[in-house]
Amino acid sequence: MIKTGFLQWAWLFAVCFLLLNSGCVKVEYSKIDDPAYLRVFNNLNYIQTLGSKDNKVPFFCMLINPVLDANGIPTSAEIVGDFLDQRDAYAPPYPSHIGTSTSVNNPEYPGKENVLVGPILNGFDLSSWAQVPSGKMRIMFAYRPKNTVPFFQLENQLKKDILIDTVLNLTSKEVYTLHVLQKDFVTKRTGLLLRQEIFQKLPLSDSLTYVNFYNMSAKGYWEADKSLKAQDYLMASFQGGMKDEMNVFLSLYEDQSILSARAATIPGFKGKYIANVKLNTAISDVNPYVSFPVWASNTGNGITTNMWQRFDFFVPGMDVSNNPFYEASTDNGGNWVSVNCLQNGKVKMTSNDNAAILPNLLVNIHSGVNNPKTFATVNTIEVVNGRVYLTTIQRKYAPPIY
């Protein structure tokens, strides 16, 4: 009996050892004493076209404070963000990828990584941000094959191709979003944009939803020939890009059961000017937030609302009232692009429309006795080359009561 028990324990230990060393299971042992909070997006969203067939596949391993051997090949790192794929169109207010995906590919960092995450700061849930060491840190992004082999188990010749190797300085307890970007479409120059967020420091109202805008497209993208750009019907008018300076107009609609840009808008919110956005891949300043009332809809009851949002981007001098393009036009020379924020972000409009589709800026979720309950959020909409992205941040809410 003793011998059998010993063999069982020995077998279990051997299996655990193999799993841990294979990269299939990750265990976090160390505590970060003085952390900053970091979220990372891979915005290199190109695909192989006739004009970009020589581009490397934008699939990376991120290494923070790497250790290199005598040949300059990474052998380990303090923090590893492997299988970093192109970002998703929607970055939700919680780490939704953990435990729900069968792929190792990670649409953001930390994303699927089982790491120490940020706390609740000023009521905002930072569980989509990872804790990282504050102060100066060396960060590398290494190209890697698009397979399921962990980076450090790859052959040495596959670990040599480094896209970015630089030093960042992060302040303790501050919140950062790091973007990997193509900065010039013609030369294919890439780089990083590190943004120190401020939403957790602002006196924001629970009854207003906030959003700010960025154009982080590569220089020369919108001017480039169509054959050089990826065709993605879900991105509609954004496929060709938008010009370097645009004004943003907001329209609010009452009811998501009527999905048409011709539907009645909420009074005071039809093509309302809210922001100006300029091309920028160099300056890391946070753009101003603008807001709209959660309960602007006539049908809102203080618990839930079915309101949805549309954002139109026009070149200066144009707006909703003098738009010369027809509704379904998706090739406007960069002068007009639009996005509808609807339900789960995958529904179709009932009329022909040139807008891309993203999720609603309002979060409806079971909270307390209300199922659902509508919550205000803080949002960022970023345009990168031929795509538009939404990141949503939410305050901590009361758990459901069943």
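Per chain, residues are indexed from 1 in the order of the written sequence. Under the rules for a predicted model, residues below a pLDDT of 70 receive no local features and side-chain atom pairs below 80 are neither given nor counted, while totals for whole chains, interfaces and linings still include all residues. Calculation of side-chain values draws on the structure's entire complement of heavy atoms; hydrogens and water are dropped beforehand.

1. Regarding the sheet that holds strand β22 (residues 387–394)
- By this definition, two strands are paired if DSSP reports at least two bridges between them. Helix and strand definitions here come from DSSP, where helices need a minimum of 4 consecutive H or I residues and strands a minimum of 2 consecutive E residues; each element is numbered from the N-terminal end. Taken in spatial order, the five strands line up as β4-β22-β21-β12-β15 in an open sheet, and their pairing is mixed. With partners counted over all chains shown, the strands left at the sheet margins are β4 (90–91) and β15 (290–293), one partner each.
- In terms of strand pairing, β4 meets β22 through two bridges, oriented parallel. What sits directly across from Tyr90, in β22, is Leu390.

2. Examining the nonpolar core
- Grouped together as the largest cluster of nonpolar side chains are 38 residues, with contacts concentrated most on Phe213, Phe238, Phe311, Phe313 and Val388.
- Here this core takes five residues from strand β13 (residues 245–253), the largest share from any one element.
- In this analysis, two residues are considered to be in contact whenever any of their non-hydrogen atoms come within 4.5 Å of each other. Other than its neighbours up to four places away in sequence, Phe313 contacts Phe213, Phe238, Met242, Met246, Asn247, Val248, Val277, Asn335, Trp336, Val337, Val339 and Ile381.
- Ranked by size, the runner-up nonpolar core spans 26 residues in total, among them Ala36, Leu44, Met137 and Tyr143. The definition of a nonpolar core used throughout is a set of buried Ala, Val, Leu, Ile, Met, Phe, Trp, Tyr and Cys residues joined through side-chain atoms within 4.5 Å. We call a residue buried when its accessible area falls under 20% of the maximum for its residue type, exposed when it is over 50%, and partly exposed in between, using a 1.4 Å probe and counting protein chains only.

3. Section: the packing of aromatic side chains
- Classification of ring pairs rests on two measures: the distance between centres of Phe, Tyr or Trp rings, Trp counted by its six-membered ring, which must be within 6.5 Å, and the angle between planes, read as stacked under 30 degrees, edge-to-face over 60 and tilted in between. This model, assessed by the stated rule, comprises 16 aromatic pairs.
- Judged by centre distance (6.5 Å) and plane angle (45 degrees), the rings of Phe59 and Phe83 are tilted. Taken together, the positions of Phe59 in the loop between β1 (35–42) and β2 (60–68) and Phe83 in strand β3 (residues 74–84) put the pair 24 residues apart, joining distant regions of the chain.
- The class of Phe83 is buried, set by a relative accessible area of 8%.
- On the basis of an interplanar angle of 85 degrees and a centroid distance of 6.5 Å, the ring pair of Phe60 and Phe141 is categorised as edge-to-face. Here the residue Phe60 occupies a position in strand β2, and Phe141 occupies one in strand β8 (residues 135–143), the gap between them amounting to 81 residues.
- Chaining the aromatic ring pairs together yields one cluster made of Phe249, Tyr273, Phe314, Phe325 and Trp336.
- Above the face of the Tyr389 ring, Arg87 is positioned so that its terminal group lies 4.3 Å from the ring centre. By definition, being over a ring means that NZ of Lys or CZ of Arg is both within 6 Å of the ring centre and within 35 degrees of the ring normal.

4. Re the pairing of strand β16 (residues 308–314)
- Buried residues dominate β16, accounting for seven of its seven residues.
- Side-chain alternation along β16 places Trp308, Arg310, Asp312 and Phe314 on one buried face and Gln309, Phe311 and Phe313 on a second face that is also buried.
- Pairing of β13 with β16 involves seven bridges; the strand directions are antiparallel. Paired with Leu250 across the two strands is Phe311, which belongs to β16.
- Pairing between β16 and strand β17 (residues 336–341): six bridges, direction antiparallel. Considered in β17, the bridge of Gln309 is made with Cys341.

5. Some words on the sheet that holds β13
- What the five strands build is an open sheet, ordered β14-β13-β16-β17-β18; its pairing is mixed. Whereas interior strands pair on both sides, the edge strands pair on one side only; in this sheet they are β14 (272–278) and β18 (356–358). Within the sheet, the average angular offset between the axes of one strand and its neighbour, ignoring direction, is 25 degrees.
- Taken together, the six bridges between β13 and β14 define a ladder with antiparallel strand orientation. In the strand pairing of β14, Asn247 is matched with Asn276. In this analysis, axes come from line fits to C-alpha atoms, helices being fitted only over the stretch in contact, and the angle between any two N-to-C directions falls in the range 0 to 180 degrees.

6. Section: the pairing of strand β11 (residues 190–196)
- Here β11 lies mainly inside the structure; five of its seven residues are buried.
- Two elements, strand β10 (residues 175–182) and β11, share seven bridges in a ladder whose sense is antiparallel. Within the sheet, the bridge partner assigned to Leu181 lies in β11 and is Gly191.

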